Structure formats: structure tokens, C-alpha cells
Amino acid sequence: MSEKMQTSMLDRKSFRLTVLVVVLAYFMVQCYWIWVTSRWSLHMGEDLAMYQRLIKETWWLTAFYLSELGGSVGIVFRFIASIFALYPAIIFLKEGEKALPKVKGKAATAILFESLYYLTYIPTVYLGFAYPIAASQKLWYFEPTPPWIITFMIAGVSCLMMVAIVMPCLLKLRATIAKGNAEEVAKWGSITGLSYLFVTFWLNYSIAWAMTLVYWPERAQPGIEIIYRPHNTISFTITVIGLLLISLAGLKTLMPAIKGRIQEVNIKSLGAVILALGAYFIIQLLIFYSIGGYHSEPTTWMELSSPFHNPDFWCFSLIFPGLYLLAKQ
């Protein structure tokens, strides 16, 4: 991607419109989540006495509330991030590349709040690693109570990887944007994007699918044979193998930018990676509704992949910039 091509792309209003579409999708999903979390947080406050009776042990009650309400705080942080992201996207649409110095402060603030969103996963990490102890003591944790390995892997291991890898990348990107060095922004933007691909999407979703293979009959999980159902075969394959291939393709495509040679990034390959990621979410959505939604198969994976439960569902909008870049002459 030569400097001339990069400038031309940023000055094309059609491309800037696709960026705004992605940010609007991000904003709208956060609006939905702020509504959901406000109701859930109110419920948690009203039903404290009930949870005290159910859980009994103070340490586990504390871990439970820190995890649940920590998640609510995280949703608030992400909602704030979406507001700060919306302004730069609108100004960028109107003014093009010349708007970038003007909006970098707001963009950096949006990324800061996105990193704080991941910070609020820490109480969930604690709950995940403490859950085997709680399970051994037969302490309450939702109904039906999940096998210890599921909560340990999803709340503990998966969330730990996001806190340890994605959050520091976001903080470094935010600091780099504040300084305004284009090559460093491209480098850390690429590294941060790859952290999402490998950790938030591939690792996180693959762990969730692996936990769906754990025997849990109360949640329609008969064991590994669940993967033999055609829709699950497709979903499992595009998650475990497909997302890995997308991530590896992203690594190959963005490596020149990471090495400081942004002009060597293949714009069509980048578009293909972005399009493939957006298409992944659309395919999962089609699978979800084609089988009748969560209540027809209330598994660990169906809960995560539900558009009403997946905080990353806004990524379906990536098909628009992906298609634009892939088709660009």
C-alpha cells in the first residue's frame, strides 16, 4: 500500500462511510448492552438477600457480585468508548484525512475506555480460577450449575488471556495515537488488531466451543457427539479452524506494518481478512436463527454466539470496509 494509495483511500468518502457504518454498529450494540446491564444491575441489587441465602459463603458471594457487577461497569466503559468513537468517525466522514489530527484525542479516549472494558474482566478471572473450590464445596452458581471445567476455562483462562494481552495492546495504541507518529500508530494498530483476532475471537471462541463438548445434559450438551449435528459441524469448523486461518492471514498481511513498512501492506489482502471476519459473524447469526435460536439448543456455545449475548456482534459490519478494500482498484 503506497503512501499515495493510502492517501487516496482516506480521501474517498465511500471508504470513510464504511468506517462510520462500523462505528455506528459498535455504538448501537453498546446502547443495547447498556440497557440490558442497567436492568441486570438493578436486579442484582434488589435480590441481594436471595443470593445471600443461596450462596451462604461470604467469599463466594463477594466473588459472584464482583464478577457480575464488574461486567456491568465494563459495559458502561464500552458505551463511553462508543460515544467517543462516534465523533471522530463523523468528522472523518466529513473532512477526510485532514481531520485526523483534530480527532486523535477523541480516538485515543475511545481506545482508553475500550481498554478499561477489558480491565473489568479481572474479577471474572478471579471467579473462574476460584470456581473449582466453590464447586468442590457445592456452592451455588446459577441453575443448572455448570461443570467446574467450563467456568474455569471460560471465565478464568479465556478472560485472563484478554486481560493480559488485549488490554496492554490497547493502552499502548492509545499512547501511540496521542503522540501522533503515523508509523507507530500503524504498528500498534496492527498489533492490537491481531490481539483481537488471536485472543478475543479465535482463542476465546474456540475455548467456548471446546467447553460445549463437555458433558452437561442439563444444558443440552450430550458430549462430543453434539459436533456431529450439521449446523454444529459448520459452526465448530469455522470457529476453531476458520478464525485461526483468518488470524494467520491477518498476521501475514500486517507484518510489514509491524516492521515499519506500511507501504508494503497488501490492501486487497487486508480487505479479504476484514471481510472474512465480518462474514464469520453473519454465518454464525444465520446458523443461530436457522435452528430456532438459543432455546432450541441451550448450550454454552449457543449462549455466547447469540446476538443478544455476544458483545462482539457489531463485527458483522466489518463486511462493508472489507468489501470496499477487496474491490478497490
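Residues numbered from 1 in each chain as written. Predicted model: local features only at pLDDT ≥ 70, side-chain atom pairs only at ≥ 80, totals over all residues. Heavy atoms only, no water.

An account of the overall build of the chain is needed here, citing residue identities and associated values.
Within the chain one finds twelve helices and zero strands. Considered along the principal axes of its C-alpha atoms, the chain spans approximately 65 × 40 × 30 Å. Taking all 329 residues of the chain together, 47% fall into the buried category. Across the chain, the fraction of contacts at a sequence separation of at least 24, relative to all contacts at a separation of at least 6, is 77%. In the chain, 25 positive and 18 negative side-chain charges are present, and the distance between their average locations comes to 10 Å. (Helix = DSSP H or I, 4+ residues; strand = E, 2+ residues; numbered from the N terminus. Buried < 20%, exposed > 50% of the residue type's maximum accessible area, 1.4 Å probe, protein only. Contact = heavy atoms within 4.5 Å. Lys, Arg positive; Asp, Glu negative; His and termini not counted. Charge placed at Lys NZ, Arg CZ, Asp CG, Glu CD.)

Account for empty space enclosed by the protein, with residues named and values stated.
Tallied over the full model, the rule gives two cavities of 30 Å³ or more. Looking at the largest cavity, its volume works out to about 80 Å³. The wall of the largest cavity is formed by Y205, Y280, F281, Q284, L285, W301, S305, S306, P307, N310 and F313. Secondary-structure elements contributing two or more residues to the lining of the largest cavity are α10 (267–290) and α11 (300–305). It is α10 that provides the largest number of residues to the lining of the largest cavity, a total of four residues. Here the residues of the lining of the largest cavity sort into seven nonpolar, four polar and no charged. For the second largest cavity, the calculated volume is near 30 Å³. Along the walls of the second largest cavity sit N232, S235, Q284, I287, F288, W301, M302 and S305, which together make up its complete lining. For the lining of the second largest cavity, the secondary-structure elements that each account for two or more residues are α9 (230–258), α10 and α11. (1 Å grid on protein atoms, 1.4 Å probe; cavity = no way out; pocket = protein on both sides within 12 Å on 5 of 7 lines; lining within 4 Å. Points joined across faces, edges and corners; volume = space filled by probe spheres on them. Nonpolar A, V, L, I, M, F, W, Y, C, P; charged D, E, K, R; others polar.)

Would you mind going over the packing of helix α6 (residues 122–136) against helix α7 (residues 148–179) in detail, with residue names and values included?
Two numbers describe how α6 lies on α7: the axes approach to 8 Å, and their chain directions differ by 155 degrees. Taken together, the axis directions place α6 and α7 in an arrangement best described as roughly antiparallel. Viewed along their axes, α6 and α7 form a crossing whose handedness is left-handed. Here α6 contributes I122, T124, V125, L127, G128, F129, Y131, P132 and A135 to the contact with α7, which in turn contributes W148, T151, F152, A155, G156, V157, C159, L160 and V163. Classifying every residue of the contact of α6 with α7 gives 14 nonpolar, four polar and no charged. (Axes fitted to C-alpha atoms, helices over the stretch in contact; angles between N-to-C directions. Parallel < 35°, antiparallel > 145°, perpendicular 65-115°, else oblique. Left-handed = near helix turned anticlockwise from the far one by under 90°.)

Now, about unusual backbone geometry: what can you tell me, with residues and values included?
A cis amide bond links E143 to the next residue, P144, at an omega of -5 degrees. As for its placement among the helices and strands, P144 is situated in the loop between α6 and α7. You will see that K56, though not glycine, has its phi angle at about 70 degrees, which is positive. Counting through the fold element by element, K56 comes out in the loop between α3 (48–55) and α4 (58–95). At A220, a residue that is not glycine, the phi angle is positive and equals roughly 60 degrees. Along the chain, the position of A220 falls in the loop between α8 (182–212) and α9. Here A220 falls in the partly exposed class, since its relative accessible area comes to 29%.

Account for the environment of H309, naming residues and giving values.
Residue placement: H309 occurs in the loop between α11 and α12 (319–327). Since its relative accessible area comes to 38%, H309 is described here as partly exposed. When the C-alpha atoms of H309 and I227 are compared, they prove to be 22 Å apart, with 82 residues separating the residues in sequence. Among residues more than four places away in sequence, those in contact with H309 are W33, E303 and L304. Within polar-contact distance, the side chain of H309 engages the backbone oxygen of E303 at 3.3 Å. (Polar contact = N/O pair within 3.5 Å; in protein donor to acceptor, adjacent residues only side chain to side chain.)

Tell me about the side chain of S305, and please be specific about residues and values.
Tracing the sequence through the fold places S305 in helix α11. Owing to a relative accessible area of 10%, S305 belongs among the buried residues under this scheme.

Explain the nonpolar core to me, and be specific about the residues and the numbers.
Judged by nonpolar contacts, the single largest core of 55 residues is most densely connected at Y118, F201, Y205 and L325. If one sorts the elements of this core by residue count, α8 sits on top with nine residues. Grouped together as the second largest cluster of nonpolar side chains are 16 residues, M44, F64, L127 and Y141 included. (Core = buried A, V, L, I, M, F, W, Y, C linked by side-chain atoms within 4.5 Å.)

Tell me about the layout of surface pockets, and please be specific about residues and values.
Roughly 1600 Å³ of volume is contained in the second largest pocket. Forming the boundary of the second largest pocket are 45 residues, of which E68, Y141, F142, E303 and H309 lie nearest the centre. When residues of the lining of the second largest pocket are traced back to their parent elements, those giving at least two are α2 (13–46), α4, α5 (100–119), α6, α7, α8 and α11. When its residues are assigned to classes, the lining of the second largest pocket shows 25 nonpolar, 14 polar and six charged.

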